[in-house]
Each structure stands twice: as C-alpha cells, then as structure tokens.
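These are the residues of each chain, in order.
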Amino acid sequence: MDRHNCQFARDPFLRGPTTGQKEPSGKVKQLIVLHIGSSDGFVPKGLLSFESKKNTLDYHDEMNGDTFYDWFIKILPSLKNNANSLKKYKPLHEEYIIDEVAKEHDKIVLRLPPYHCELNPIELAWSWIKNYVRMNNTTFKLQDVQELLKKTVDNVTSEMWMNFISHVIKEEDKFWKIDFLSDDVLDAEPETTETSGHLLTITGDTTSDSDDENI
C-alpha cells in the first residue's frame with residue numbers, strides 16, 4: 001500500500017519521461033490500493049483497491065486495522081506455507097491478532113523498520129505501476145483508472161519482482177555494512193569514562209523552546 005512519495009536512486013529510471021497526459025486541474029478522486037507479492041509475482045486475487053472518500057493525504061482512517069484484517073484473512077490461503085509477510089505499519093490493537101492468525105496458517109509476519117520504504121520491494125513495483133498508469137491515463141475517470149490499474153498489475157512479471165527484490169537486498173546490505181562499521185568505530189574508541197562507556201560530545205547551539213526542567 002502506498003500513497004506517499006518514497007525516493008529511490010532508481011526513481012528517474014522508473015518514472016521515465018515526464019511527458020504525457022497532464023492531470024486536470026481542480027479536485028481529483030483518489031484510489032487506496034493494497035496488494036502483496038513475492039519473487040513469484042503479485043499474488044493472484046490479492047489486489048484491493050477502493051475510492052478514497054476523504055481524499056486526504058492521511059489514508060489511515062479508511063485503510064485501518066479492520067480493513068487490513070479482512071483483506072489479510074482472505075489472502076492467507078493463497079500464500080505459500082512458511083511465507084513471510086512484510087507489514088509497513090500496524091495499529092497497536094491488531095499487533096497480536098495478525099501474528100496469531102498468520103501462525104495458524106503457517107505464516108510469519110515480519111515488520112520493516114519505520115520510515116525505510118527502500119527496504120520494501122513492493123515500493124518499486126508501485127513506482128513502476130504508478131508511472132505506467134500516469135502515462136496511459138487518458139480519461140482521468142476513476143473507473144477507467146481502476147481498470148488500468150488492474151491491467152498494469154497483471155503486467156508486472158515475476159522477473160520484475162526478482163529485480164525489485166534484488167535491489168532491496170543490495171540496499172539492506174548497505175545498512176548492514178554501515179552497522180558493522182559503526183560497531184567497529186565504537187569498539188575502537190578508548191574508554192574515557194569511569195563507567196567504561198562512550199563519551200558523547202555535543203557542540204553548537206543546544207537550546208530549545210522547551211523548558212529544560214520538563215525534559
């Protein structure tokens with residue numbers, strides 16, 4: 001699910017040329033879209049798309065825990081055994097319900113770290129899909145866009161998904177390397193405090209509008 005801009009190094013390639021149909025001015029309707037995929041491609045019958053009634057940047061009131069739960073229950077039988085499901089966010093009251101339901105179907109829910117959409121391969125799939133829909137949308141009618149969305153999703157092949165996943169693995173490896181380097185630097189620092197901890201030096205303006213006594 002995606003209704004925000006996530007920048008990737010490959011974005012210019014995925015977006016393609018900026019020419020094409022221009023969106024009409026004024027208020028436009030929006031779609032909320034949810035899907036699931038793997039190296040085999042998008043899961044058949046996993047696409048959920050519906051019109052946003054509020055048309056705001058915050059879709060959480062409409063794509064909420066109840067909506068996700070109903071979709072998740074329906075899609076679980078279509079997933080392979082021991083499959084891992086990536087979830088970008090979670091309402092607190094759904095945390096254990098989703099986990100337990102997944103376990104009952106031999107599935108495991110893995111959650112990505114917040115604000116790291118570059119670690120989710122479906123973001124690359126959405127980027128490609130949104131670009132294709134934007135370039136081929138000629139009527140700007142919601143029903144037509146929804147049909148175009150379905151056809152575009154069907155055109156995302158397993159080979160494309162493999163490339164998306166490969167790219168994400170490379171990004172993940174970069175984080176691991178940075179993490180190891182950070183550990184090496186910290187381990188190499190001399191012990192400078194009585195508690196044998198690391199000394200953090202803060203320079204520059206450290207003032208804030210908050211009352212220090214309340215921190």
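Above this note sits the structure.
The rules behind each value
Residues numbered from 1 in each chain as written. Predicted model: local features only at pLDDT ≥ 70, side-chain atom pairs only at ≥ 80, totals over all residues. Heavy atoms only, no water. Salt bridge = Lys/Arg side-chain N within 4 Å of Asp/Glu carboxyl O. Helix = DSSP H or I, 4+ residues; strand = E, 2+ residues; numbered from the N terminus. Buried < 20%, exposed > 50% of the residue type's maximum accessible area, 1.4 Å probe, protein only. Pairing = 2+ DSSP bridges.

## Side note on the pattern of salt bridges
A side chain with one charge can pair with a side chain of the opposite charge if their charged atoms come near.
Part 1 of the argument: Scanning all chains against the criterion turns up five salt bridges.
Part 2 of the argument: Between Asp 99 and Arg 111 there is a salt bridge; the shortest N-O distance is 3.2 Å. Here Asp 99 is found in helix 3 (residues 95-104), whereas its partner Arg 111 is found in strand 6 (residues 108-111), with 12 residues between them in sequence.

## Describing the pairing of strand 1 (residues 31-34)
Part 1 of the argument: In strand 1, alternate side chains face the same way, and those of Leu 31 and Val 33 on one face and Ile 32 and Leu 34 on the other are all buried.
Part 2 of the argument: When strand 1 meets strand 4 (residues 48-51), the two strands line up antiparallel, connected through four bridges. Bridge pairing in strand 4 places Val 33 opposite Ser 49.

## Describing unusual backbone geometry
Part 1 of the argument: Here the phi dihedral of Asp 106 falls at roughly 60°; this positive angle occurs in a residue that is not glycine.
Part 2 of the argument: Residue position: Asp 106 is located in the loop between helix 3 and strand 6.
Part 3 of the argument: The class for Asp 106 is partly exposed, based on a relative accessible area of 44%.
Part 4 of the argument: For Tyr 115, which is not glycine, the phi torsion reads 65° and is therefore positive.
Part 5 of the argument: For Tyr 115, the location among the structural elements is in the loop between strand 6 and helix 4 (121-136).
Part 6 of the argument: Since its relative accessible area comes to 82%, Tyr 115 is described here as exposed.

Nothing here speaks to function; it is geometry throughout.
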